[in-house]
Amino acid sequence: MNGRIVIVDDEPITRMDIRGMLEAENYTVVGEAADGIEAIEMCKQQHPDLVIMDISMPLLDGLKASKKILAERYAKAVILLTAYSDKENIEKAKKYGVSGYLVKPIMEKSLTPMVEVAIANGTKTREYEVSLEKLTKKLSERKLIEKAKGIIMEEQNLSEDSAYQLLRDLSMNKRCPIAEIAEMFVVADE
């Protein structure tokens, strides 16, 4: 299995052609949709590696659907399809974080490399996002602990090491993360 893909196009024949090209390259098509609203719902359920989506569709176009899908992290990457290569749509696609942009008719020799690169970059981007979230959380917890230490040092006239030891002991005794204990001291002080 090379990747899980959702295909979105209001033309069933186009979806069928793209599915055939992808399955011939061992990609798994986990769903199809005919408009942007269906695409968002499908991605919410499936969390695919990639969405290949037409721009011009009824109800909700591919650009707006892409923006929502990527912002909510319902898929790792999106490739847009269009019959026209206009600057305005290209700029919006770049702004929304779309991974690729193909002009119809789609040729297998251009689709397959684009899909491979989009999935690889989407996966790498998701790993970076998760890593950044973890680091951001650790940093905010560290700031909270430092603030709590300062409060304890002032209120109980303790050294920095003693204040930290108090937080650690409370954390172990209460079987609660040290950041949660620290938050209690900070909230109580505000």
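Conventions we followed
Each residue is numbered by its place in its chain's sequence as written, counting from 1. Reporting of local features is limited, given that this is a predicted model, to residues whose pLDDT is at least 70; pairs of side-chain atoms are given and counted only at 80 or more, and all residues count toward the totals for whole chains, interfaces and linings. As a rule here, side-chain values cover all heavy atoms of the structure and leave hydrogens and water aside. Strand pairing is defined by DSSP finding a minimum of two bridges between the two strands. Labels follow the DSSP assignment, with helices taken as runs of H or I lasting at least four residues and strands as runs of E lasting at least two, numbered in each case from the N terminus. Angular values range over 0 to 180 degrees, each being the angle between N-to-C directions of two axes fitted as lines to C-alpha atoms, with helices fitted over their stretch in contact. For the purposes of this description, domain bounds are those given by an automatic or database domain assignment. UniProt positions are given in the numbering used here, feature names are shortened, and annotations may be inferred rather than shown by experiment. A right-handed crossover is one whose linking path, passing over the helix from the first strand to the second, runs clockwise when the strands point away from the viewer. Partly exposed describes any residue whose relative accessible area lies between the buried limit of under 20% and the exposed limit of over 50%, with all areas from a 1.4 Å probe on protein chains only and scaled to the type maximum. Here the arc refers to the set of directions running from the helix axis out to each C-beta atom. Residue contacts are counted whenever heavy atoms from the two residues lie within 4.5 Å of one another. Any pair of N or O atoms that falls within 3.5 Å is considered a polar contact. Within protein, one atom must be able to donate a hydrogen and the other to accept it, and sequence-neighbouring residues count only if both atoms are side-chain atoms.

Digging into the sheet that holds strand 2 (residues 28-33)
Part 1 of the argument: One open sheet holds the five strands; their spatial order is 2-1-3-4-5, and the pairing between them is parallel. Since the sheet does not close on itself, it has two edges, and those belong to strand 2 and strand 5 (100-103), each with one partner. Direction aside, neighbouring strands of the sheet carry axes that sit 20° apart on average.
Part 2 of the argument: Direction of pairing for strand 1 (residues 4-8) relative to strand 3 (residues 50-54): parallel, over a ladder of four bridges.

A short note on the domain arrangement of the protein chain
Part 1 of the argument: Segmenting the protein chain into domains produces domain 1 (4-106) and domain 2 (133-188).
Part 2 of the argument: The straight-line distance from the C-alpha centre of domain 1 to that of domain 2 is 46 Å.

Here we look at the UniProt feature "domain: ANTAR" (unreviewed entry) in the protein chain
Part 1 of the argument: The sites that carry the UniProt feature "domain: ANTAR" (unreviewed entry) are, in the present numbering, residues 125-186.
Part 2 of the argument: As annotated, residues 125-186 has a helix share of 90% and a strand share of 0%, and its two end C-alpha atoms lie 34 Å apart.

Structural notes on the pairing of strand 2
Part 1 of the argument: In this sheet, strand 2 lies alongside strand 1 in parallel orientation, the contact comprising five bridges. Among the inter-strand pairings, isoleucine 7 is bridged to a residue of strand 2, identified as glutamate 32.
Part 2 of the argument: In this fold, strand 1 hands off to helix 1 (residues 12-24), which returns the chain to strand 2; that crossover is right-handed.

Observations concerning helix 2 (residues 36-46)
Helical periodicity: at 3.6 residues per turn, an α-helix aligns residues three or four positions apart in one direction.
Part 1 of the argument: Every buried residue of helix 2 is listed here: Gly36, Ala39, Ile40, Met42 and Cys43. The buried residues of helix 2 occupy one face: seen down the axis, they fall within an arc of 165°.
Part 2 of the argument: The secondary structure elements touched by the buried residues of helix 2 are strand 1, strand 2, strand 3 and helix 3 (62-71).
Part 3 of the argument: Histidine 47 occupies a position one or two residues after helix 2 and carries a positive phi of about 45°.

Some details on the side chain of arginine 126
Part 1 of the argument: Positionally, arginine 126 belongs in helix 5 (residues 108-156).
Part 2 of the argument: Reaching out from arginine 126, the side chain makes a polar contact with the backbone oxygen of alanine 75 at a distance of 3.1 Å.
Part 3 of the argument: Excluding its chain neighbours within four sequence positions, the residues that come into contact with arginine 126 are Arg73, Ala75 and Lys76.

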